[in-house]
Amino acid sequence: MTTTRVENEVLPEVPSGGTADDPAAGGGRALAWTLVVTGAAGLLAAWVITLDKFRLLADPDFQPGCGLNPVVSCGSVMKSEQASVFGFPNPMLGLVAYGMVIAIGLALLSGARPRRWYWLGLNAGTLFGVGFCTWLTHQSLYRINALCLWCCLAWAATIVMFWYVTSHNVRNGLLPAPAGTRAFFAEFTWVAPVVHIGIIGMLVLTRWWDFWTG
């Protein structure tokens, strides 16, 4: 086990393997379980939305169970053009992506030590997921004018996995970052997803303030 000193703090690093340009690094049980749990949450959301989407295609009058009121209206979201932005229902992409995240988490629990390119690929994938969720959030709030609770669960899961993968890569030198950033992620990784989700919560609250308080 090696250590790195950052501003008078000693931060643990996972031992490296492979080559100098492409080291291997384990993820630790905490990160592994984070990937398994968030992947499972996202997979559950994608599965439920997929089933409801197929029911809606078979019966246009079908009302998903999470359609609670004019704002929390899953049916309105599922019927929108944004729900099939790639030419097929968005949750079908989630079925594959979240399933892969679960598999990666289980592999880390079994002791897998992926190379640097693998970690960066996972980071790029979660970054794409966060970007896509951000776009969907904007569309839900300001174009579709409705929310889907299962979609919100998938957004939250994606945000958490992105920040924890990013934290791992920064702390272990797989992503270049200033010493202060590495020290921050070593102690306060949880702050980033909490603030990120909190901002979305505030946007939802203010977008329909009259409805929530009426």
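Note that this is a predicted model, so its numbers are computed, not measured. (Residues numbered from 1 in each chain as written. Predicted model: local features only at pLDDT ≥ 70, side-chain atom pairs only at ≥ 80, totals over all residues. Heavy atoms only, no water.)

*Asks:* What is the right way to read the overall build of the protein chain from this model?
*Replies:* Each helix and strand counted, the protein chain has 8 helices and 4 strands in total. Its helices and strands taken in sequence order, the protein chain reads β-β-β-β-α-α-α-α-α-α-α-α from the N to the C terminus. Taking all 214 residues of the protein chain together, the buried fraction comes to 43%. Expressed as a percentage of contacts within the protein chain between residues at least 6 apart in sequence, the contacts between residues at least 24 apart total 73%. (Helix = DSSP H or I, 4+ residues; strand = E, 2+ residues; numbered from the N terminus. Buried < 20%, exposed > 50% of the residue type's maximum accessible area, 1.4 Å probe, protein only. Contact = heavy atoms within 4.5 Å.)

*Asks:* Explain the confidence of the model for the protein chain here, please?
*Replies:* Note: predicted coordinates in regions of low pLDDT should not be interpreted at a detailed level. Averaged over all residues, the pLDDT of the protein chain equals 90, while 90% of them reach at least 70. Counting contacts from residues 1–16, a segment whose pLDDT is below 50, to residues more than four positions away or on other chains yields 33 contacts. (pLDDT = per-residue confidence, 0-100.)

*Asks:* Looking at this structure, I do not really get the environment of Arg113. What am I missing?
*Replies:* Among the secondary structure elements, Arg113 is positioned in the loop between helix H3 (90–109) and helix H4 (116–144). C-alpha of Arg113 to C-alpha of Gly28: the two residues are 85 residues apart in sequence and 9.7 Å apart in space.

*Asks:* Can you help me understand the packing of aromatic side chains in this one?
*Replies:* In this description, an aromatic ring pair is defined by two values, namely the gap between the centres and the angle between the planes. For the structure shown, the criterion picks out 10 aromatic pairs. Centre to centre, the rings of Phe162 and Trp163 are 5.0 Å apart; their planes meet at 65°, and the pair counts as edge-to-face. Residue Phe162 is classed as buried on the basis of its relative accessible area, which comes to 10%. Look at Trp163 and you get partly exposed, because its relative accessible area is 21%. When the centroid spacing of 5.3 Å and the interplanar angle of 75° are considered together, the rings of Phe211 and Trp212 count as edge-to-face. The class of Phe211 is partly exposed, set by a relative accessible area of 36%. (Phe/Tyr/Trp six-rings, centres within 6.5 Å; stacked < 30°, edge-to-face > 60°.)

*Asks:* I'm lost on a nonpolar patch on the surface in this one. Help?
*Replies:* On the surface, Phe54, Leu57, Val85, Phe86, Phe88, Met92, Leu93, Phe128 and Trp135 cluster together to form a nonpolar patch covering roughly 810 Å² of accessible area. Listing elements by their share of the nonpolar patch, those giving two or more residues are helix H1 (28–58), H3 and H4. In this structure, Phe86 sits in the loop between helix H2 (74–78) and H3. A relative accessible area of 41% means that Phe86 is categorised as partly exposed. (Patch = residues over 30% accessible without salt bridge, like charges linked within 9 Å, V, L, I, M, F, W, Y side chains within 5 Å. Areas by Shrake-Rupley, 256 points an atom, 1.4 Å probe, with all protein chains shown as cover. Salt bridge = Lys/Arg side-chain N within 4 Å of Asp/Glu carboxyl O.)

*Asks:* Looking at this structure, how should I read the pattern of salt bridges?
*Replies:* Oppositely charged side chains are able to pair whenever their charged atoms sit close together. Taken as a whole and assessed by the stated rule, the structure comprises 1 salt bridge. Residue Arg55 pairs with Asp52 through a salt bridge whose shortest N-O separation is 2.9 Å. Of this pair, Arg55 and Asp52 both sit in helix H1, 3 residues apart, which is roughly one turn of the helix.

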